[in-house]
Amino acid sequence: MKLAIPASGPTLDDQVDNRFARAPYIILINPEDGETSSLANPYAQEGGGVGPRVVQLLVQNQVTHLIAPRIGGHAETALLATGITVFMWEGSGSVSSAIELYKAGKLAAMTQTS
Amino acid sequence: MHIVIASGKGGTGKTTVAVNLAFILSTEQRVVLADCDVEEPNLHLFFQSQVAEKDVTLPVPDIEKSTCILCGKCGEFCRYGALIVLNDQVLQYPNLCHSCGGCSMVCPVGSISERPEIIGKIQVSDPDPSLHLVTGVLREGSIHSPAMIRAVRKELSSDDLVILDAPPGTSCAAMEALEGCDLCVLVTEPTPFGLHDLMLIYQVVRMFEIPVAVVINRNDNQDTGVESFCREQSIPVILKIPFDRDIALKQGRGRIISRDDPVWREPFSRMAMESLKLAGA
Ligand code: SF4
Ligand code: SF4
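Cut-off values and rules
Here the residue numbers are simple positions, counted from 1 along each chain's written sequence. Each chain is given a letter, starting from A, and each ligand a number, starting from 1, according to the order in which they appear as written. Predicted model: local features are reported for residues with pLDDT of at least 70 only, side-chain atom pairs are reported and counted for 80 or more only, and whole-chain, interface and lining totals are derived from all residues. Hydrogen atoms and water are omitted, and side-chain values are computed over all heavy atoms in the structure. Strands here mean DSSP runs of E at least two residues long; helices mean DSSP runs of H or I at least four residues long; both are numbered from the N terminus. For every residue, the accessible area obtained with a 1.4 Å probe (protein chains only) is divided by the maximum for its type, and the residue is called buried under 20%, exposed over 50%, and partly exposed between those limits. Contact definition: two residues touch when any of their heavy atoms are within 4.5 Å. For each residue, the test is whether any non-hydrogen atom lies within 4 Å of the molecule or strand; if one does, the residue is near. Within this scheme a cavity is a closed region of a 1 Å grid, computed over the protein atoms alone, that accommodates a 1.4 Å probe without allowing it to escape, whereas a pocket is open but has protein on both sides within 12 Å along at least five of seven lines; lining residues each have an atom within 4 Å of a point. More than half of a molecule's atoms lying within 2 Å of a cavity's or pocket's grid points is what places that molecule inside it. We call two strands paired when DSSP finds no fewer than two bridges between them. Here, axes are lines fitted to C-alpha atoms. For helices the fit covers the stretch in contact, and angles between N-to-C directions go from 0 to 180 degrees. Basic side-chain nitrogens of Lys or Arg form a salt bridge, by our definition, when they fall within 4 Å of a carboxyl oxygen of Asp or Glu. A simple way to read buried area is as the amount of 1.4 Å-probe accessible surface that goes missing from two parts once joined, with both sides added. The definition of a polar contact used here is a pair of N or O atoms within 3.5 Å, where within protein one atom must be able to donate a hydrogen and the other to accept one, and adjacent residues in sequence count solely through side-chain atom pairs. Ten residues, namely Ala, Val, Leu, Ile, Met, Phe, Trp, Tyr, Cys and Pro, are considered nonpolar, four, namely Asp, Glu, Lys and Arg, are considered charged, and the remaining ones, Gly among them, are considered polar. The directions from the helix axis to the C-beta atoms are what the arc is built from. Grid points are joined across faces, edges and corners, and a volume is the space filled by probe spheres set on the points.

Could you clarify how one ought to interpret the overall build of chain B in this entry?
The helix and strand tally for chain B stands at ten helices and eleven strands. The principal-axis extents of the C-alpha atoms in chain B amount to approximately 70 × 40 × 35 Å. Going through the 281 residues of chain B one by one, you find that 52% of them count as buried. Considering only contacts within chain B whose residues lie at least 6 apart along the sequence, 73% involve residues at least 24 apart.

Next comes the structure, spelled out in structure tokens:
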């Protein structure tokens, strides 16, 4: 599995960004072996339609799970079409704290019917 | 000759001015009134009559699933997110498409052709033998106001006397309505916000080198800077409409005050004459 988290910077100590498609970085983690990498979001500064494009980027990077804050309508339909499991992120904290919460099963998965 | 009615923000009384200017002018000559406020057209509420309509479309990609090899090229190419390539499908958002045609050019197997997507409709009517109304109605959720306004303007002849009602603000859509007009009438309110928005849109209109006139609506004779700004910039103020509950009420009921209220005929007639003069008639 591969977990993606939008972040304000490229490391685990950076904050989870509260904008999904416009976060400057996306951190990718395999929670099983702990392998992490980061992806500069090429669409962070762009005009419109960034939601679907970031979802496409996640698919290209074989992402299976996503921790994300508020998600726009277009990104949401795209995510539903991919089958990526989305966990809701409310509040604030670092990427590593988000991973801990995920591992502890404390993040709620978004229902597919919304 | 094209006279456009614009404002820096919504709710300033742009409609009142467009409706009454068109009505007054139509008592003397043939007038075309074009509602370019395509997200919220409302001039038809004042001029009700039999309407003929036609669809306005833009070409969007049509993907043949049976031949698509999910190579990802179209999704990489589209900068608007109007199509993305997932593991098992190409997902489309036709309402985000800008009809650039690029995706069909990059597809290596020719799976992409074009189909028309409806972005709205144009309604035309003749509420009076000397008044022709053209209304652009953008489909809800569409981002294509500028294309819709271009479609409305295609219906207009440069030989006609045309009054255009522009969308409020300084958006791309508003620019589509302003461009190439002979006079821009800016409607504003005598408040600090009104002045701020007036200054913004005035800068834009000046770039187009269109003559400008101002109408002050809900005028309470307390100058908050709008009049001095107009004086400084030598912008003629061609009408002041006082703050009046009666006017607001009649407007709300779809009444044309320059037709139904003799008190208002004269001021609007004077404004109409001024407008024609400034537009170079
Ligand atoms: S026509 Fe242009 S904007 Fe529309 S989907 Fe294709 S590439 Fe994107
Ligand atoms: S470019 Fe053509 S073949 Fe490739 S994913 Fe798009 S439609 Fe399919």
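So, next bit.
What exactly am I supposed to notice about the environment of B:S49 here?
Residues and elements named next belong to chain B. Turning to its location among the elements, S49 is positioned in the loop between β2 (31-35) and β3 (51-63). For the pair formed by S49 and C97, sequence separation is 48 residues and the distance between their alpha carbons is 34 Å. If near-sequence neighbours (up to four positions away) are discounted, S49 is found in contact with S125, D126 and P127.

Which parts of the structure should I look at to understand the site of ligand 2?
Taken together, 13 residues form the shell around ligand 2, and within it B:C68, B:I69, B:C71, B:C74 and B:C107 come nearest. Spatially, ligand 2 is embedded in the second largest cavity.

Can you help me understand the sheet that holds strand β1 (residues 3-7) of chain A in this one?
Working definition: the strands of a sheet are paired by backbone hydrogen bonds and lie parallel or antiparallel to each other. Residues and elements named next belong to chain A. Pairing within the open sheet is mixed, and its five strands lie in the order β3-β2-β1-β4-β5. With partners counted over all chains shown, the strands left at the sheet margins are β3 (36-40) and β5 (85-88), one partner each. Strand-to-strand, the axes of this sheet are offset by a mean angle of 25°, without reference to chain direction. Direction of pairing for strand β4 (residues 65-68) relative to β5: parallel, over a ladder of four bridges. What sits directly across from H65, in β5, is T85. Relative to the sheet, helix α1 (residues 50-60) contacts β1, β2 (25-29), β3 and β4, its axis offset from that of β2 by approximately 30°.

Teacher, can you tell me more about the environment of A:S92 here?
Residue and element names in this part refer to chain A. With respect to the element layout, S92 can be found in the loop between β5 and α3 (95-103). The class of S92 is exposed, set by a relative accessible area of 65%. Sequence separation between S92 and P24 is 68 residues, and the spatial gap between their C-alpha atoms is 16 Å.

Honestly, the pattern of salt bridges in this entry has me stumped. Any pointers?
Side chains that carry opposite charge are capable of pairing whenever their charged atoms lie near each other. All names here are of chain B. A complete count under the given rule lists 18 salt bridges over all chains for this structure. Between D37 and K14 there is a salt bridge whose closest N-O contact spans 3.5 Å. In this pair, D37 is assigned in the loop between β2 and β3 and K14 in helix α1 (residues 14-26), connecting sequence segments 23 residues apart. Across the pair, exposure class does not vary: D37 and K14 are buried alike. Salt-bridge contacts for E189 lead to R218; the nearest nitrogen and oxygen are separated by 2.0 Å. Placement of the pair is E189 in the loop between β9 (183-188) and α6 (192-207) and R218 in strand β10 (residues 212-219), with a sequence separation of 29 residues. Residue classification places E189 among the buried positions, given a relative accessible area of 12%. One network of salt bridges, with partners in common, ties together K9, E189 and R218.

In this structure, what is going on with the interface of chain A and chain B? I would like to understand it.
Reports often express the size of an interface as the amount of accessible area lost when the parts come together. Counting residues at the interface gives 13 residues for chain A, matched by 16 residues for chain B. Summing both partners gives a buried area of about 1,100 Å² for chain A against chain B, and 52% of it is carried by carbon and sulfur. Among the residues chain A hides against chain B, the three largest losses belong to A:R53, A:Q56 and A:H74. Together they make up 42% of the total. Scanning the region where chain A abuts chain B turns up zero salt bridges. Between chain A and chain B we count eight residue pairs in polar contact (both at pLDDT 80 or more) in total. Looking at the side of chain A that touches chain B, the elements with two or more residues in it are α1 and α2 (73-82) of chain A.

Even after reading the chapter, I still don't get the site of ligand 1, so can you show me in this structure?
All names here are of chain B. Around ligand 1, the structure places P61, F77, C78, Y80, A82, L83, C97, H98, S99, C100, G101 and C103. Given that more than half its atoms are within 2 Å of the pocket grid, ligand 1 belongs to the largest cavity. Taken together, the residues of the shell around ligand 1 break down into nine nonpolar, three polar and no charged.

For this particular structure, what's the right way to read the sheet that holds β3(B)?
Residue and element names in this part refer to chain B. If you trace the nine strands from one edge of the open sheet to the other, you get β3-β6-β7-β2-β8-β1-β9-β10-β11, paired in mixed fashion. Edge positions in the sheet fall to β3 and β11 (237-242), since each of these pairs with one other strand and no more. Shown here is a sheet whose adjacent strand axes are inclined to one another by a mean of 20°, direction ignored. Pairing geometry for strand β1 (residues 2-6) and strand β8 (residues 162-165), over four bridges, is parallel. Opposite I3, over in β8, you have I163 as the bridge partner. Each of β1, β2, β7 (131-138), β8, β9, β10 and β11 is contacted by α1, which is oriented at about 170° to β8, the strand it contacts most. Contacting β1, β9, β10 and β11, helix α10 (residues 262-279) crosses the sheet at an angle of about 155° to β11.

It is not clear to me how α3(A) should be interpreted in this structure. Could you clarify?
Residues separated by three or four positions in an α-helix point in the same direction, a consequence of the helix having 3.6 residues per turn. All names here are of chain A. All buried positions along α3 are accounted for by V95, A98, I99 and Y102. Relative to the axis of α3, the buried residues are bounded by an arc of 100° and lie together on one face. Where the residues of α3 are buried, they touch β1, β2, β4 and β5. Once α3 finishes, G105 follows within two positions and takes phi at roughly 70°, a positive value.

Explain the layout of surface pockets here, please?
All names here are of chain B. Each pocket or cavity is described by its volume, and for the largest pocket that value is around 570 Å³. Along the walls of the largest pocket sit 31 residues, with G11, T12, G13, K14 and T15 positioned nearest its centre. At the level of secondary structure, the elements contributing two or more residues to the lining of the largest pocket comprise α1, α4 (145-154), β10, β11 and α8 (245-252). It is α8 that contributes the most residues to the lining of the largest pocket, four residues altogether.

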